[in-house]
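Coordinate analysis (summary)
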Amino acid sequence: MSRSFKPELCCLFGKPVAENPTQPMIEAAFRHHGLDWRYVQFEIDPEALADAVRGMRAMGFRGGNVTTPHKVAIVKHLDRIAESASVIGAVNCIVRRGHELVGENTDGLGFVQSLRERADPSGKNVVILGAGGAARAIAVELALAGAKTLLIVNRTRERGRELAEWIRSRTGAVADSSPWTGDYRIPAATDVLVQATSIGLFPEGEARVPLDLSTIEPRMVIADVIPNPPQTRLLREARARGCSVLDGLGMLVNQGVTGFKFWTGIDADPSVMRRALEEAFGGS
Ligand code: NDP
């Protein structure tokens, strides 16, 4: 017996679809919470993005995700951009609200939610390694959550400067940048260090983040955005020095939980989503 197919969520994907771990994570939550919904993925060329969004509207999708390289370009095709996505200047999550398609950004929200399980970001001195899309989303959300200072440390100095300036001008937070040459020495006043570069992402392996490990102190929270493998070399070294650590898998799960709430109104069970992600990453 045939029935019309009405998927509820879609992912407008820029890379080969096989690389996206979000689908198994979200579909596990659908099953767990008894929703007969589907999350389908489409590999979209940049020049077809406007038509893809029109297709989303025509087919009645309730929302979806957007990946690189569409996160900035999608903005002009949506009806409205939520506050933090607008400050970040990029969208990774689309939510249908009434007749509108609204752009949200869950990259930084997922991180801040993970951090709150260890420490309140308010009043904290934060060092962020990296100045790409992940660093920007995290820096904006930390600034909006009341971080005391943000220091951007990036290999390409100019990009780090631009991000610090972006944060200052759009959030009013105290933000500065620092060059990254040799092994970076973490300032003693740092409360939270966020490794937001792509160093160590699978299949790169045991890559070393250039840091002077003797400057890590046990009271610091050390976070790594790399979701696969979740136990990065940096996190193992930080844990061995007595620090509280946050892995990138937790950030990805919290991003999924945030998107799921936007789309369905349901608080998803994070353990179900984490298990599905671990399986998608091959039990890592
Ligand atoms: P971008 O390409 O936008 O930025 C990459 C950043 O990494 C830049 O700051 C770049 O520096 C830096 N970098 C790359 N290689 C090196 C190196 N060898 N030494 C020093 N710096 C380096 O990527 P994104 O910001 O989008 O993503 C970064 C990582 O975050 C990815 O691994 C991604 O998987 C992860 N991520 C995790 C999420 C999660 O939920 N866990 C969510 C989103 C992203 P430079 O400017 O000098 O090139």
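The following refers to the structure shown. (Residues numbered from 1 in each chain as written. Predicted model: local features only at pLDDT ≥ 70, side-chain atom pairs only at ≥ 80, totals over all residues. Heavy atoms only, no water.)

1. A word on the overall build of the chain
For the chain, the helix and strand inventory stands at nine helices and twelve strands. Radius of gyration (C-alpha) of the chain: 19 Å, near the 19 Å computed for a compact globule of 284 residues. Based on the C-alpha atoms only, the size of the chain along its principal axes is roughly 65 × 40 × 30 Å. Restricting to contacts in the chain with at least 6 residues of sequence separation, those with at least 24 account for 68%. Looking at the chain as shown, the accessible area adds up to about 12800 Å², and 51% of this sits on carbon and sulfur atoms. Counting 34 positive and 33 negative side-chain charges, the chain places the centres of these two groups 2 Å from one another. (Helix = DSSP H or I, 4+ residues; strand = E, 2+ residues; numbered from the N terminus. Rg over C-alpha atoms; globule rule 2.2 N^0.38 Å. Contact = heavy atoms within 4.5 Å. Areas by Shrake-Rupley, 256 points an atom, 1.4 Å probe, with all protein chains shown as cover. Lys, Arg positive; Asp, Glu negative; His and termini not counted. Charge placed at Lys NZ, Arg CZ, Asp CG, Glu CD.)

2. Details of the nonpolar core
Proteins that are soluble and globular tend to have nonpolar side chains buried together. Membership of the largest hydrophobic core comes to 34 residues, with the highest contact counts inside it found for Phe111, Ile128, Ile138, Leu142, Leu150, Ile167 and Val194. Element by element, the count of residues in this core is highest for helix α5 (residues 133-144), at seven residues. Ignoring sequence-local partners within four residues, the contact set of Leu150 consists of Val126, Ile128, Ala139, Leu142, Ala143, Ile167, Ala173, Val174, Ala175 and Asp176. Formed by 21 residues, the second largest nonpolar core is a distinct cluster that contains Val95, Val253, Phe260 and Leu277. (Core = buried A, V, L, I, M, F, W, Y, C linked by side-chain atoms within 4.5 Å. Buried < 20%, exposed > 50% of the residue type's maximum accessible area, 1.4 Å probe, protein only.)

3. Comments concerning the pairing of strand β9 (residues 174-179)
Sheet topology note: the strand β8 (residues 149-154)/β9 ladder contains six bridges and is parallel. Bridge pairing in β9 links Ile152 to Ser177. Of the crossover connections in this fold, the one passing from β8 over helix α6 (residues 157-171) to the parallel β9 is right-handed. (Pairing = 2+ DSSP bridges. Right-handed = clockwise from strand over helix to strand, strands pointing away.)

4. As for the packing of aromatic side chains
Under the defined criterion, the tally for this structure stands at four aromatic pairs. Summarising the aromatic geometry, the rings of Phe30 and Trp37 are spaced 5.6 Å apart at their centres and angled 50° between planes, so their arrangement reads as tilted. Using a relative accessible area of 9% as the deciding quantity, one classes Trp37 as buried. Among the aromatic residues, those joined into a ring-pair cluster are Phe30, Trp37 and Phe260. It is Arg136 that lies over the ring of Trp166; its NZ or CZ is 4.0 Å from the centre. Across from the ring centre of Trp166, 3.6 Å away, lies the NZ or CZ of Arg170, which sits over that ring. (Phe/Tyr/Trp six-rings, centres within 6.5 Å; stacked < 30°, edge-to-face > 60°. Lys NZ or Arg CZ within 6 Å of the ring centre and 35° of its normal.)

5. With respect to unusual backbone geometry
Residue Pro69 follows Thr68 across a cis peptide bond; omega there is 10°. Structurally, the position occupied by Pro69 is in the loop between β3 (63-66) and β4 (80-81). With an omega of 5°, the peptide bond between Asn228 and Pro229 qualifies as cis. Along the chain, Pro229 falls in the loop between β11 (221-224) and α7 (233-240).

6. Some remarks on a negative patch on the surface
A cluster of acidic residues, Glu19, Glu43, Asp45 and Glu47, forms a negative patch at the surface. Relative to the helices and strands, Asp45 is located in the loop between β2 (39-43) and α2 (49-58). (Patch = residues over 30% accessible without salt bridge, like charges linked within 9 Å, V, L, I, M, F, W, Y side chains within 5 Å. Salt bridge = Lys/Arg side-chain N within 4 Å of Asp/Glu carboxyl O.)

7. Describing the site of the ligand
Around the ligand, a shell composed of 22 residues is seen, among which Ala134, Asn154, Thr156, Arg159 and Gln255 lie nearest. Side-chain polar atom of Asn154 to an oxygen atom of the ligand: 2.8 Å apart, as the coordinates give it. Contacts to the ligand include Gln255, whose side-chain N or O atom sits 2.9 Å from an oxygen atom. Protein chains bury 75% of the 930 Å² of accessible surface belonging to the ligand in isolation. Mapped onto the shell around the ligand, the elements with two or more residues apiece are α5 and α8 (248-264). Among the elements that make up the shell around the ligand, the one with the highest residue count is α8 (four residues). (Near = heavy atom within 4 Å. Polar contact = N/O pair within 3.5 Å; in protein donor to acceptor, adjacent residues only side chain to side chain.)

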